[in-house]
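Inside the fold
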Amino acid sequence: MSASAGIRRPSRRLFLGGAVATLAAAALGGPLLGLGQAGGHFDSPAVLADGQANLTDVYAFTSPDDHDQVTIVVDVQPGQLPGAGLLNYPFATRARYEVHLDGRGTGQPDTTYRWTFRNEDRRLFGAGPIAVGPVRSLRDNSLLFKQRYTLERIRNGRTETLVSDGTAAPTHTGLALMPDYGALRAEATRSLPGGGRTLAGQIAEPFVADTRVFGLFTVGTVGPVPGALPAAGPLSALNVGTLVLQLPKRELALNGDPERNPVVGIWATVSRESADLSRDLRTQDATYRQVGRLGNPHIMFALWGTFAGLSQPGGPEDRFNARPAELDAQDEEFLAAALDPVPPRRIGAAQGFAAPAGPRTDIRALFLGGLGRDNGSRFGTDLNTQAMNADADPAALRWADQLRLNLTTPVSAHPHPYGVLDGDLQGYPNGRRLNDEIDVPLLRMLEGEPSGRSAAHLLPPASFNWQPKPASDIFPYVNLPHAGP
């Protein structure tokens with residue numbers, strides 16, 4: 001894979017634009033309902049009104065260029081248009097972006113990393129272009145708007161500041177104003193005390209999608225002409241905000257010992273500043289209310305087969321976003337959905353491919369427990385459940401949505417995009433790499449693989465497959481944002 005994060009040529013963008021138009025036309029007929037709301041990107045009504053709190057993807061993997069480190073990538077605020085002078089997609093201020101680590105399997109974080117952002121805005125009336133001339137450094141006077149951040153680590157009730165004056169890489173406003181965005185991103189990367197690095201900024205959307213899967217999730221069919229639809233990622237020409245956190249494995253493992261405690265659960269949240277309106281606001285410290293959350297990809301699609309356009313405000317998707325992970329085990333509707341997911345029944349009704357018999361303890365394990373020998377997983381092995389951690393109390397384990405990563409799984413010499421399901425134990429759902437394709441393996445697991453019959457025939461060969469440029473093997477791995485015309 002190339003370490004370069006080059007810029008797409010205009011002809012390729014035009015090609016994708018035509019593809020997206022074709023897909024949109026197909027969606028009008030129903031089979032690809034919600035195509036533009038690719039899984040995990042707009043999966044609850046609340047996120048439609050608060051893009052800055054819309055967590056789209058969480059990735060976690062052993063760093064390919066340093067096997068003693070793990071990299072966590074959290075993407076937020078999707079659908080950012082490629083560079084133009086007036087565009088600006090900052091992170092939210094008066095908010096908390098957090099990454100949580102759980103080695104005990106209780107749904108409660110052992111360690112939390114927290115970013116808070118503040119604006120430095122020299123624009124007249126706080127509006128207009130963020131740059132008035134070429135920006136070659138984050139210190140240039142031509143950059144009128146920038147975001148500073150503080151990164152803290154919360155552990156054992158103690159808060160420690162790791163970065164107090166970080167600067168986010170700005171929105172890419174085009175090659176005329178930002179001729180070398182890679183240099184700006186390198187300048188924005190900060191080293192952390194004790195090892196590791198962090199970066200906040202904008203990147204090219206890395207989500208690898210198979211658009212046909214959304215039709216199967218939502219209405220049970222690929223389309224009116226099976227196989228004639230593309231497997232393209234309709235978000236590939238857009239940008240997204242990102243928080244990259246690279247840490248030594250000892251920082252993630254329970255009690256700092258990845259050999260004794262190899263599995264860590266990872267998820268991200270966004271919380272907005274709020275207050276108790278029943279009390280005098282002048283006497284209150286700021287409090288924060290969780291409004292966004294994400295661990296496993298596609299969990300809302302996989303359980304309910306819905307997206308924001310069809311979900312009811314205050315429904316299970318919104319409740320999930322507002323709920324701490326430790327309370328997942330108390331939501332009976334959520335647990336029931338994990339044992340009886342909707343998409344297999346829809347596919348069965350539409351295509352005569354009978355859903356696997358329930359209760360689906362394998363799907364509950366996939367999302368809420370990790371792949372374990374004794375927790376209902378159909379893989380028949382202990383791979384990434386916190387029950388593998390010697391210092392975790394088996395009686396304290398709780399069902400909770402987390403992206404679980406085994407820190408001791410060797411890095412694959414030849415990564416397979418379908419991950420564990422096709423024999424690559426380092427891939428999804430053992431963490432998630434940037435180049436992993438999750439749509440197809442998730443569909444196959446919903447239909448009963450690996451112990452059940454194959455569901456590969458549900459997705460015949462696509463007319464074409466246009467995807468994001470593969471991620472790099474060099475930190476920060478994510479591609480530079482699209483520069484625009």
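What counts and how
- Residues take numbers from 1 onward in each chain, read along the sequence in its written order.
- Totals for whole chains, interfaces and linings use every residue, but because this is a predicted model, local features are given only for residues with pLDDT of at least 70 and side-chain atom pairs only at 80 or more, for both listing and counting.
- The basis for every side-chain value is the complete set of heavy atoms in the structure, and neither hydrogens nor water enter the calculation.
- Strands are runs of DSSP state E lasting at least two residues, helices are runs of H or I lasting at least four, and both sets are numbered from the N terminus onward.
- Relative accessibility under 20% of the residue-type maximum defines a buried residue, over 50% an exposed one, and the middle range a partly exposed one, all with a 1.4 Å probe and only protein chains included.
- Only heavy atoms enter the contact rule, under which two residues are in contact if any of them lie within 4.5 Å.
- Per-residue and other accessible areas follow the Shrake-Rupley method at a 1.4 Å probe size, with only the shown protein chains counted as cover for residues.
- For two strands to be treated as a pair, DSSP must find at least two bridges joining them.
- Here, nonpolar core refers to any group of buried Ala, Val, Leu, Ile, Met, Phe, Trp, Tyr and Cys residues whose side-chain atoms link them within 4.5 Å.
- The salt bridge definition used is simple: a Lys or Arg side-chain nitrogen within 4 Å of an Asp or Glu carboxyl oxygen.

**Considering the overall build of the protein**
On a plain count of helices and strands, the protein comes out with eleven helices and twelve strands. Here the protein, with 485 residues, has 59% of them falling under the buried criterion. Looking at the protein alone, contacts between residues at least 24 apart form 70% of all its contacts between residues at least 6 apart. Total accessible area computed for the protein in this model is approximately 18700 Å², and 53% of it derives from carbon and sulfur atoms.

**As for the environment of Ser271**
By the element assignment, Ser271 lies in strand β10 (residues 263-274). Here the alpha-carbon distance between Ser271 and Val291, two residues 20 residues apart in the chain, equals 5.4 Å. What Ser271 contacts, discounting residues up to four positions off in sequence, is Ala95, Arg96, Tyr288, Arg289, Gln290 and Val291.

**Examining the pairing of strand β3 (residues 95-102)**
The buried count for β3 comes to seven of eight residues, which makes it a mostly enclosed element. For β3 and β10, the ladder comprises eight bridges, and the chain directions are antiparallel. Across the sheet, Val99 pairs through a bridge with Ala268, a residue of β10. In this structure, β3 lies alongside strand β4 (residues 111-121), joined through five bridges in antiparallel fashion. By the bridge assignment for β4, His100 is matched with Thr112.

**Remarks on the nonpolar core**
Among the nonpolar cores identified, the biggest contains 101 residues, and Trp115, Ile266 and Phe367 are the most heavily contacted of them. Element by element, the count of residues in this core is highest for helix α6 (residues 299-304), at six residues. Excluding residues that lie within four positions of it along the chain, Ile266 makes contacts with Val58, Ala60, Ile72, Val99, His100, Leu101, Leu252, Gly295, Gln402, Leu403 and Leu405.

**Describing the pattern of salt bridges**
Across all of its chains, the model carries 26 salt bridges by this definition. Salt-bridge contacts for Glu273 lead to Arg94; the nearest nitrogen and oxygen are separated by 2.6 Å. Here the residue Glu273 occupies a position in strand β10, and Arg94 occupies one in the loop between β2 (69-80) and β3, the gap between them amounting to 179 residues. Taking the relative accessible area as the measure of exposure, Glu273 reaches 29% and is therefore partly exposed. A salt bridge links Arg319 to Glu333, with the shortest nitrogen-to-oxygen separation between them at 2.4 Å. In this pair, Arg319 is assigned in helix α7 (residues 316-322) and Glu333 in helix α8 (residues 332-339), connecting sequence segments 14 residues apart.

**Considerations on the environment of Thr361**
Relative to the assigned elements, Thr361 resides in helix α10 (residues 361-368). The exposure class of Thr361 is partly exposed, given its relative accessible area of 26%. C-alpha separation for the pair Thr361 and Ala338, spaced 23 residues apart in sequence, amounts to 7.8 Å. Apart from the residues within four sequence positions on either side, Thr361 is in contact with Leu339, Asn375, Gly376 and Ser377.

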